[in-house]
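Read off the chains here:
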Amino acid sequence: MINSHGTPGDRPAGRSADDRARLRILVVEDEEKVAKALQEGLEGEGYDAVIARTGEDAFFLISTETFDVVLLDLGLPGRDGFQILAALRQQGRDTRVLVLTARDTLEDRVKGLDGGADDYLVKPFAFAELLARIRAMVRRGRVTAAPRLTAGDLEMDLWTRKVSRAGRAIELTTREFELLEHLLRFEGQVVSRETLAREVWGEKARSLTLDNVIDTHVARLRKKIDADHPAKLIHTIRGVGFMMREGEV
């Protein structure tokens with residue numbers, strides 16, 4: 001986790017440094033230890049990370065330099081995160097923005113979305129999840145509409161954290177939501193237990209116990225998602241992992 005001591009937890013292995021060499025990330029964070037931990041962690045993953053400690057510093061940097069991704073804290077001295085986000089979009093820049101916030105309320109999520117943010121993480125968060133979000137944003141490009149993930153008639157709203165299928169709401173636990181989100185982000189692709197252990201559970205390696213935990217969560221999620229629906233979405237790829245896909249695999 002990124003915590004008050006500013007220490008990132010275990011990091012998953014990411015892409016090679018060559019794949020990320022040109023990716024610049026602006027870290028807008030007023031807590032010095034957290035900002036430094038994020039910078040060190042990102043640079044350890046091969047990214048070029050720059051820190052802005054105040055809203056004014058962030059405004060200057062986004063106005064004079066180019067970044068691929070901005071990690072934006074909302075609670076900043078001077079100009080707050082919402083003002084920085086507004087300035088970025090008013091300049092017509094399509095930089096991907098991931099909001100880092102302790103404000104876990106629907107109102108702030110909607111405000112950030114309306115302001116042009118692409119995704120969000122609520123503090124405290126696991127560094128592994130931050131890396132996964134960055135990779136996902138880079139893969140899909142900037143999101144100009146609401147950040148939603150879909151597969152068939154299943155829909156997930158990343159801001160309100162609501163899930164529905166065929167218009168009917170589905171109640172999920174936090175872990176089930178994270179698991180479903182990861183499967184949706186890789187729709188049509190096999191997701192291994194090793195990947196889920198790393199990206200969803202934040203563990204560096206698989207274990208028999210963790211495999212059983214993962215299988216149990218997938219079974220519960222499948223019951224909530226696929227029950228009473230003829231078209232199944234969550235599939236087990238025997239000996240490999242799982243796949244989110246409409247219809248048979």
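Look up a bit, the structure's there.
What comes next is a walk through the structure. (Residues numbered from 1 in each chain as written. Predicted model: local features only at pLDDT ≥ 70, side-chain atom pairs only at ≥ 80, totals over all residues. Heavy atoms only, no water.)

## Considering the pattern of salt bridges
- With the rule as written, the count across this model stands at 18 salt bridges.
- Between Arg193 and Asp215 there is a salt bridge, with the nearest N and O atoms lying 2.9 Å from each other. Of the two residues, Arg193 is situated in helix H8 (residues 193-199) and Asp215 in helix H9 (residues 208-226); the sequence distance between them amounts to 22 residues.
- The buried category is assigned to Arg193, whose relative accessible area is 14%. (Salt bridge = Lys/Arg side-chain N within 4 Å of Asp/Glu carboxyl O. Helix = DSSP H or I, 4+ residues; strand = E, 2+ residues; numbered from the N terminus. Buried < 20%, exposed > 50% of the residue type's maximum accessible area, 1.4 Å probe, protein only.)

## Some remarks on the sheet that holds strand S11 (residues 234-237)
- Reading across from one edge, S10-S12-S11 is the order of the three strands in this open sheet, with antiparallel pairing throughout. Of all the strands in the sheet, the pair left with one neighbour each is strand S10 (190-192) and S11. The mean inter-strand angle of the sheet, taken between neighbouring strand axes irrespective of direction, is 35 degrees.
- Here three bridges tie S10 to strand S12 (residues 241-244), and the two strands are oriented antiparallel to one another. When the sheet's bridge partners are listed, Val190 is paired in S12 with Met243.
- In this fold helix H7 (residues 174-185) packs onto S10 and S12, with an angle of close to 70 degrees to the strand it touches most, S12. (Pairing = 2+ DSSP bridges. Axes fitted to C-alpha atoms, helices over the stretch in contact; angles between N-to-C directions. Contact = heavy atoms within 4.5 Å.)

## Observations concerning the packing of aromatic side chains
- Taken as a whole and judged by the stated rule, the model has zero aromatic pairs.
- The positively charged end of Arg79 is found above the aromatic ring belonging to Phe59, 3.8 Å away from the centroid.
- For Arg161, the ring lying beneath its charged end belongs to Phe177, and the centroid distance is 4.1 Å. (Phe/Tyr/Trp six-rings, centres within 6.5 Å; stacked < 30°, edge-to-face > 60°. Lys NZ or Arg CZ within 6 Å of the ring centre and 35° of its normal.)

## Some details on the pairing of strand S8 (residues 162-165)
- As paired strands, strand S7 (residues 154-157) and S8 are joined by four bridges and run antiparallel to one another. Its bridge partner lying in S8, Leu154 is registered against Arg165.
- In terms of strand pairing, S8 meets strand S9 (residues 168-170) through three bridges, oriented antiparallel. If you follow Arg165 over to S9, its bridge partner there is Arg168.
- Following S8, the chain reverses through two residues before pairing antiparallel with S9; Ala166 in that reversal takes a positive phi of roughly 55 degrees.

## Some remarks on the nonpolar core
- By size, the foremost hydrophobic cluster in this structure holds 28 residues, and its most contacted members are Leu154, Val163, Leu180, Ile225 and Met244.
- Looking at this core, the elements with two or more residues in it are strand S6 (148-151), S7, H7, H8, H9 and S12.
- The contact partners of Leu154, leaving out residues within four places of it in the chain, are Leu149, Val163, Ser164, Arg165, Ile170, Leu180, Leu184, Ile225, Leu233 and Met244.
- Within the second largest apolar cluster, 21 residues are counted, among which are Val50, Ala58, Phe67 and Leu85. (Core = buried A, V, L, I, M, F, W, Y, C linked by side-chain atoms within 4.5 Å.)

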